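This is what each chain is made of:
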Amino acid sequence: MSGRGHHAPDTPVGRLPHPDKSPRVANRAPHTGVAETSSFDTVSHYFDVAADRLGIPEDLRTVVRTAYREIQVQIPVKLRDHGIHVFSGYRVQHNGARGPFKGGIRYHERVNLDEVRALAALMTWKTAIVNIPFGGAKGGVNCPAQDLDETELQLITRSFVDKIAGVLGPTRDIPAPDVNTNAQVMAWMMDEYGKLHGDAPAVVTGKPISLGGSRGRESATGRGVVCAYREAAHALGVRPDATRVVIQGFGNVGSWAARIITQLGCRLIGVSDTTGALHSQAGIDPEALARHLAEGGKLVDFADAEGAIGVEAITPSELMGLECEVLIPAALGGAIHVANADSIRARMVIEGANNPTTPGADEILDANGVLVIPDVLANAGGVVVSYFEWVQNLQHVSWEEREVNDRLAKIMRRAYGEVQERAKRGDLVPLRIAAYELGIERVLEATRMRGYGGYA
Ligand code: NAD
């Protein structure tokens, strides 16, 4: 296959030491089963393969590969245990040639500059691939969000916004939720920004509906994943009633993808989160599982819950190797790596998570005939509906959920078609490379028309 000249980086990086050594943090359950690679190396690798194919000269490559602005701030907060904990907050604005910077905020103890930089670059290509008028950015704080209470999370959020507010704004940079952040965190961000610059709902998306959030935003990424499934299933001749689905991660993306894909008639046969993994050939009811979690239950304990007939606990690596039609990684980066890629027995991998497949693993999946629908296309539903939320805020209007979902489906269908068409024309290159090519071309065109200058 053409365009495979680059060596695929696949170096697992160990868990970063946490600055906070308090027992409350140190006693966390160990992270289960996700091997990381250097995130920026991964994105750069895919970028280079596509840029080689497009024949982009080195100087121009540097313009669009490197980030426009990278910010790291100190966030000292006094927590419940009375200790002052110093976290690091990051905001990377990767490219703003096509519009204001746009990208989520992640709270996770392993957040670091390399990862944020990679995720920011992914956003640049993603917004270009689905053709919405935004650039790419990402942010995060390396705090152990699941061990913190609401007051602590609010303190961290407000302190973070105070320090980066100068580069945010409805026409500059618009954050959104990501891992361990949600509508509540967005509300605090909007409120804090408003104290400094005046009320401006369009400065963040993924807000609660009562504060200008969009209907359909919470489910948007999962819904977009299912749109990608529909297109891929159509292309492969796979019927929903013959589709077994496995999902790694049952948070925002995973749980909504599970609910929506089972509504089509697909069967959820495996699911996991940080507490463990579940399997049932008869099918797991995602609604019942979501209720179980909302009532304070753990995912692993669902096997013994009422209504969970035939559900058994399995190991996280067994989950990844389940025979199925669709595997949806919807947790963190690096979930599919060289050590487990060969064991994957799915017909398609739909990347709900960002950066879930290392380049080495990607090559193995391709060689094994697994269709990979890349993150930059498959999980773009979130940023598409974020765009709708921004548009509604700027126009002071509120759309019905039906309208949001219909518009989302239309954009996902169009983007999938354009990427698929390009992959066919390009001598059957993988969808990921075709998607990067499309995104890079659009960003380069905007950069050229602006005269290669600065943005926001
Ligand atoms: P979330 O915090 O709501 O959920 C993450 C889920 O993954 C949780 O269920 C967690 O328990 C699980 N998880 C974490 N580590 C795991 C592991 N090792 N094994 C199994 N499960 C594990 O986060 P989210 O918003 O659903 O984001 C998930 C992924 O999707 C991330 O990569 C994120 O960048 C990407 N994404 C999110 C959005 C969005 O709109 N939220 C949009 C695009 C992409």
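The structure under discussion appears in the preceding block.
Description of the structure in this document. The structure displayed is predicted, hence computed values, not measured ones.

What counts as what
- Residues numbered from 1 in each chain as written.
- Predicted model: local features only at pLDDT ≥ 70, side-chain atom pairs only at ≥ 80, totals over all residues.
- Heavy atoms only, no water.
- Helix = DSSP H or I, 4+ residues; strand = E, 2+ residues; numbered from the N terminus.
- Rg over C-alpha atoms; globule rule 2.2 N^0.38 Å.
- Buried < 20%, exposed > 50% of the residue type's maximum accessible area, 1.4 Å probe, protein only.
- Contact = heavy atoms within 4.5 Å.
- Areas by Shrake-Rupley, 256 points an atom, 1.4 Å probe, with all protein chains shown as cover.
- Disulfide = S-S within 2.5 Å.
- Pairing = 2+ DSSP bridges.
- Axes fitted to C-alpha atoms, helices over the stretch in contact; angles between N-to-C directions.
- Patch = residues over 30% accessible without salt bridge, like charges linked within 9 Å, V, L, I, M, F, W, Y side chains within 5 Å.
- Salt bridge = Lys/Arg side-chain N within 4 Å of Asp/Glu carboxyl O.
- Lys, Arg positive; Asp, Glu negative; His and termini not counted.
- Charge placed at Lys NZ, Arg CZ, Asp CG, Glu CD.
- Phe/Tyr/Trp six-rings, centres within 6.5 Å; stacked < 30°, edge-to-face > 60°.
- Lys NZ or Arg CZ within 6 Å of the ring centre and 35° of its normal.

### Here's the deal with the overall build of the protein
In step 1: Helices and strands together make up the secondary structure of the protein, namely 15 helices and 14 strands.
In step 2: In terms of overall size, the protein behaves like a compact globule, its C-alpha atoms giving a radius of gyration of 21 Å where 456 residues would be expected to give roughly 23 Å.
In step 3: Each of the three principal axes of the protein carries a C-alpha extent, and together these read 55 × 55 × 45 Å.
In step 4: Each of the 456 residues in the protein was classed as buried or not, and the buried ones make up 60%.
In step 5: Within the protein, contacts between residues at least 6 apart in sequence are counted, and of these 71% link residues at least 24 apart.
In step 6: Taken as a whole, the protein presents about 17900 Å² of accessible surface, with 51% of it coming from carbon and sulfur.

### Points about the state of the cysteines
In step 1: Across all of its chains, the model carries zero disulfides by this definition.
In step 2: Free cysteine: Cys266, not disulfide-bonded; nearest cysteine sulfur from Cys324 at 11 Å.
In step 3: Cys266 gets classed as buried once you look at its relative accessible area, which sits at 5%.

### Here's the deal with unusual backbone geometry
In step 1: One non-glycine residue with positive phi stands out, namely Asn180, at about 65 degrees.
In step 2: By the element assignment, Asn180 lies in the loop between β7 (173–177) and α6 (183–197).
In step 3: Taking the relative accessible area as the measure of exposure, Asn180 reaches 30% and is therefore partly exposed.
In step 4: In the Ramachandran plot, His396 falls in the positive-phi region, its phi being about 55 degrees despite a non-glycine side chain.
In step 5: Mapped onto the fold, His396 is located in the loop between α13 (381–395) and α14 (401–425).

### With respect to the sheet that holds strand β12 (residues 324–329)
In step 1: If you trace the seven strands from one edge of the open sheet to the other, you get β11-β10-β9-β8-β12-β13-β14, paired in mixed fashion. Since the sheet does not close on itself, it has two edges, and those belong to β11 (312–314) and β14 (371–373), each with one partner. Within this sheet the neighbouring strands show an average axis-to-axis angle of 20 degrees, counted without direction.
In step 2: Examined bridge by bridge, strand β10 (residues 276–279) and β11 share three bridges and lie antiparallel to one another. Considered in β11, the bridge of Ala277 is made with Ile314.

### Observations concerning the environment of Leu408
In step 1: Structurally, the position occupied by Leu408 is in helix α14.
In step 2: Classification of Leu408 as buried rests on a relative accessible area of 0%.
In step 3: Between the C-alpha atoms of Leu408 and Asp114, which are 294 residues apart in sequence, the distance is 31 Å.

### What about a positive patch on the surface?
In step 1: Taken together, the side chains of Arg230, Lys410, Arg413 and Arg414 define a basic patch exposed on the protein surface.
In step 2: In terms of residue count, α14 provides more of the positive patch than any other element does, three residues in total.
In step 3: For Arg413, the location among the structural elements is in helix α14.

### Details of the packing of aromatic side chains
In step 1: Applying the stated criterion across every chain, the model contains eight aromatic pairs.
In step 2: Summarising the aromatic geometry, the rings of Phe134 and Trp390 are spaced 4.9 Å apart at their centres and angled 65 degrees between planes, so their arrangement reads as edge-to-face. Here Trp390 lies in helix α13 and Phe134 lies in the loop between α4 (113–129) and β6 (136–141), a separation of 256 residues in the sequence.
In step 3: Between Tyr387 and Trp390 the ring centres are 6.4 Å apart and the planes differ by 35 degrees, which places this aromatic pair in the tilted class. On the criterion of helical spacing, the pair formed by Tyr387 and Trp390 is a turn pair, its members being three residues apart in helix α13.
In step 4: An aromatic cluster is defined as three or more aromatic residues linked by ring pairs; in this entry it consists of Phe134, Tyr387, Phe388, Trp390 and Trp399.
In step 5: Positioned above the aromatic ring of Trp256 is the side chain of Arg259, whose terminal nitrogen or guanidinium carbon lies 4.1 Å from the ring centre.

Scope: geometric values only; no functional claims are made or implied.
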